Amino acid sequence: MSEGENESSPTDILTASTHKASLIANPWDHGGISSPLDIPRTERPSSKLDQLNLLAPMNSRPLLAHEPPLSPLGSTSAVDYLSVSPNFSSLKRASFHDDPWAALRQHFIGKDLLSAPNTEIMGQKMFSPRPSISGFAADESDKLNSPSDIQWFLDLDHIKVDVAPEKGGYIIKFVNYIVQSSALNSTVLRRYSDFLWLCEILHKRYPYRLVPPLPPKKVNELDVTTADEIFIEGRRRGLARFLHLVANHPILRKDDIVIFFLTEKTEIKEWRKLNTPSCDEELVVRTITAEDMAVVPGEIDQMASELRKRVEISLAHYRDMSTLMDREATRQKETAADFLRYSMNLQEMVGHSDCIGVECFNCPLINEGYQHISNGFRQHGLAANERHVAMTDNFVENLKSHRDLLDALLSFLDRRERTLSSISIDALNRRIHSNLLRIEEAKSRGNIKELERLQQFNAQDENELQHHNQRLQFLRLCTWEEMRTYHQQRAFVSTMYQQFVSEQQRVIAQQGDIWKSLSRNVYDLPTSGFL
């Protein structure tokens, strides 16, 4: 639990435990797309698990699916919008754990990494030599393991998204979100439609970049409204993940609309009435140099095709792993609530005696022991709830953040394949060659009118060929840059598990101390002399 965050009281934990959520189907899971634009998208790999069963925390039904999976399309699972916070007051408060890169920042800040090439963190040498990575040259592996790579993590923007305490609108109410950026030192108020507008602009400007998916605006399939706190909290977390990936992308973070979104105090809706931002593609505004293309491997197309196959499999696994850890966090929440209920029941028995002995000295000692046992169970319940909060706010969100990154990468690779299929350079070359032959024939016959017509067609084909070549080169450059961006962020996977294991060790040691302390009182209870 982060410093300054209030601990959940037993009442809060029990209240959250009794808040049973119904199944909410994500509208994007069925024929949905990660982009708000009408962009066709290939079908995602099906889950290996029956996600309907996974929604029941204590369900003993088999995990293997015997019916169509809940989420055959997209990476966002319905489970994302079912998790209940153990402390509903925390829904109104931003959490440090919303930052997927918090673990890296905690490890690196205060350590002189840039001057010590063999600095050890958690017993590991951060800059130790390693073999070349598949798909990357040896010098590229060294770059990805360099001090500048660590500095990249240190410079990441920490974005916090919080639900505003008051809703906006006079007649039709809507939820506002407080968005804070540490890098820009800004705090702004945004609504969901503003996030949707930003996502649309980014998809139009950067069709060949990793634009992450947005959570759904609402759920229509079942009797659940957007005012439901469970759904609002799930959407808040999804919006935070979206902004994290955008604000820390090496290209998107520099976009003027992204900076405007994170800094402008004016309402986006009012600003749009007076301003129309440009939606020109990055290809139009960026000049590609020979130095840019010199770093692109010649086998980039083959690398991208192979990467897409691996990413498709990884995305399916991350979807399932996110669901499984959501399920585990729910079990931990229910365990914490049950121990607190047990503690309350046992507390009621203190002073209540059902002893039939006339001069019994043992039963009062047992009743007195109830007090110690009740306190021990209460402390264990609070520790179990702390473990649940750490699991939900840290590990589960980190898994979903990487899942969203994989989804963005797969969507980009899909758009890349569609673009390649639309580029017909060979056909244009054949047509230009045919027109040149016809132009020579028209010159020999002296047919001026036919000659001018063929020359006009040939000029159009040459312009189109030049445009296609430029787009192909730009696509290859973007593919290499986005592959490197994805590869660089994989370091976060290591720290995610390091943070998770460290947190589990801490909480389990805390629970061990609780039982050890309780054992001294329990072993003093009488076991003889009841006759």
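Quick look at the structure, then. Note that this is a predicted model, so its numbers are computed, not measured.

**Some details on the overall build of the chain**
Across its full length, the chain carries 16 helices and five strands. Counting the 531 residues in the chain, one finds 48% classified as buried. Residue pairs at least 24 apart in sequence account for 77% of intrachain contacts in the chain once pairs closer than 6 positions are excluded. A total accessible area of about 26,500 Å² is found for the chain, and carbon and sulfur atoms account for 53% of it.

**Notes on helix H6 (residues 192-205)**
Taking 1.5 Å per residue as the helical rise, H6 with its 14 residues ought to reach 20 Å, and the 20 Å between its terminal C-alpha atoms agrees with that figure. With ten of its 14 residues buried, H6 lies for the most part within the structure.

**Section: the side chain of Arg236**
Among the secondary structure elements, Arg236 is positioned in helix H7 (residues 229-247). Side-chain polar atoms of Arg236 contact the side chain of Glu233, separated by 3.0 Å.

**Quick notes on the pairing of strand E5 (residues 186-191)**
The side-chain alternation of E5 yields one buried face, formed by Ser186, Val188 and Arg190, and one unburied face, formed by Thr187, Leu189 and Arg191. By the bridge criterion, six bridges tie strand E4 (residues 176-181) to E5 in an arrangement that is antiparallel. Pairing of Ser181 across the sheet is with Ser186, part of E5. Taking the residues between adjacent antiparallel strands as the criterion, E4 and E5 are bridged by four residues, where Asn185 takes a positive phi near 50°.

**So, the packing of aromatic side chains**
Counted according to the given criterion, the structure contains eleven aromatic pairs. Taken together, the ring pairs connect Phe339, Tyr342, Phe377 and Trp515 into an aromatic cluster. Over the ring of Phe261 we find Arg190, and its NZ or CZ is 5.2 Å from the ring centre.

**Side note on the sheet that holds E5**
Reading across from one edge, E3-E4-E5 is the order of the three strands in this open sheet, with antiparallel pairing throughout. Since the sheet does not close on itself, it has two edges, and those belong to strand E3 (159-163) and E5, each with one partner. Shown here is a sheet whose adjacent strand axes are inclined to one another by a mean of 25°, direction ignored. Relative to E4, E3 runs antiparallel, the two being bridged by five bridges. Bridge assignment links Asp162 to a residue of E4, and that residue is Ile178. Against the sheet, H6 contacts E4 and E5, and its axis sits at roughly 100° relative to E5. Helix-sheet contacts for helix H8 (residues 256-263) involve E3, E4 and E5, and the interaxial angle to E5 is about 95°.

**So, the pattern of salt bridges**
On inspection of all chains with the given rule, the structure shows 30 salt bridges. With a closest N to O distance of 3.1 Å, Arg286 and Glu481 form a salt bridge. Of the two residues, Arg286 is situated in the loop between helix H10 (282-285) and helix H11 (290-294) and Glu481 in helix H15 (residues 448-489); the sequence distance between them amounts to 195 residues. Accessibility expressed as a relative area gives 21% for Arg286, which makes it partly exposed. Here Glu441 and Arg445 are joined by a salt bridge, their closest N and O atoms 2.8 Å apart. A residue pair is termed a helical-turn pair when its members lie 3 or 4 positions apart in one helix, as Glu441 and Arg445 do in helix H14 (residues 425-445) at four residues. One salt-bridge network, held together by shared partners, links Glu233, Arg236, Arg237, Arg241, Asp393, Glu397, Arg403 and Asp404.

**Things to note about the side chain of Asp255**
Following the sequence through the fold, Asp255 ends up in the loop between H7 and H8. Here Arg205 takes part through its side chain, which lies 2.8 Å from a polar atom of the side chain of Asp255.

**Observations regarding the nonpolar core**
Counting 35 residues, the largest nonpolar core has Leu210 and Leu409 as its most contacted members. Counting only elements with at least two residues in this core, the list comes to helix H12 (300-348), helix H13 (362-422), H15 and helix H16 (491-522). In terms of residue count, H13 provides more of this core than any other element does, eleven residues in total. When sequence neighbours within four positions are dropped, the list of residues in contact with Leu409 reads Leu210, Leu307, Val311 and Tyr486. Residues Ile201, Ala240, Leu243 and Val258 belong to the second largest nonpolar core, which totals 33 residues.

Basis of the calculations
Residues numbered from 1 in each chain as written. Predicted model: local features only at pLDDT ≥ 70, side-chain atom pairs only at ≥ 80, totals over all residues. Heavy atoms only, no water. Helix = DSSP H or I, 4+ residues; strand = E, 2+ residues; numbered from the N terminus. Buried < 20%, exposed > 50% of the residue type's maximum accessible area, 1.4 Å probe, protein only. Contact = heavy atoms within 4.5 Å. Areas by Shrake-Rupley, 256 points an atom, 1.4 Å probe, with all protein chains shown as cover. Expected span 1.5 Å × (residues − 1). Polar contact = N/O pair within 3.5 Å; in protein donor to acceptor, adjacent residues only side chain to side chain. Pairing = 2+ DSSP bridges. Phe/Tyr/Trp six-rings, centres within 6.5 Å; stacked < 30°, edge-to-face > 60°. Lys NZ or Arg CZ within 6 Å of the ring centre and 35° of its normal. Axes fitted to C-alpha atoms, helices over the stretch in contact; angles between N-to-C directions. Salt bridge = Lys/Arg side-chain N within 4 Å of Asp/Glu carboxyl O. Core = buried A, V, L, I, M, F, W, Y, C linked by side-chain atoms within 4.5 Å.

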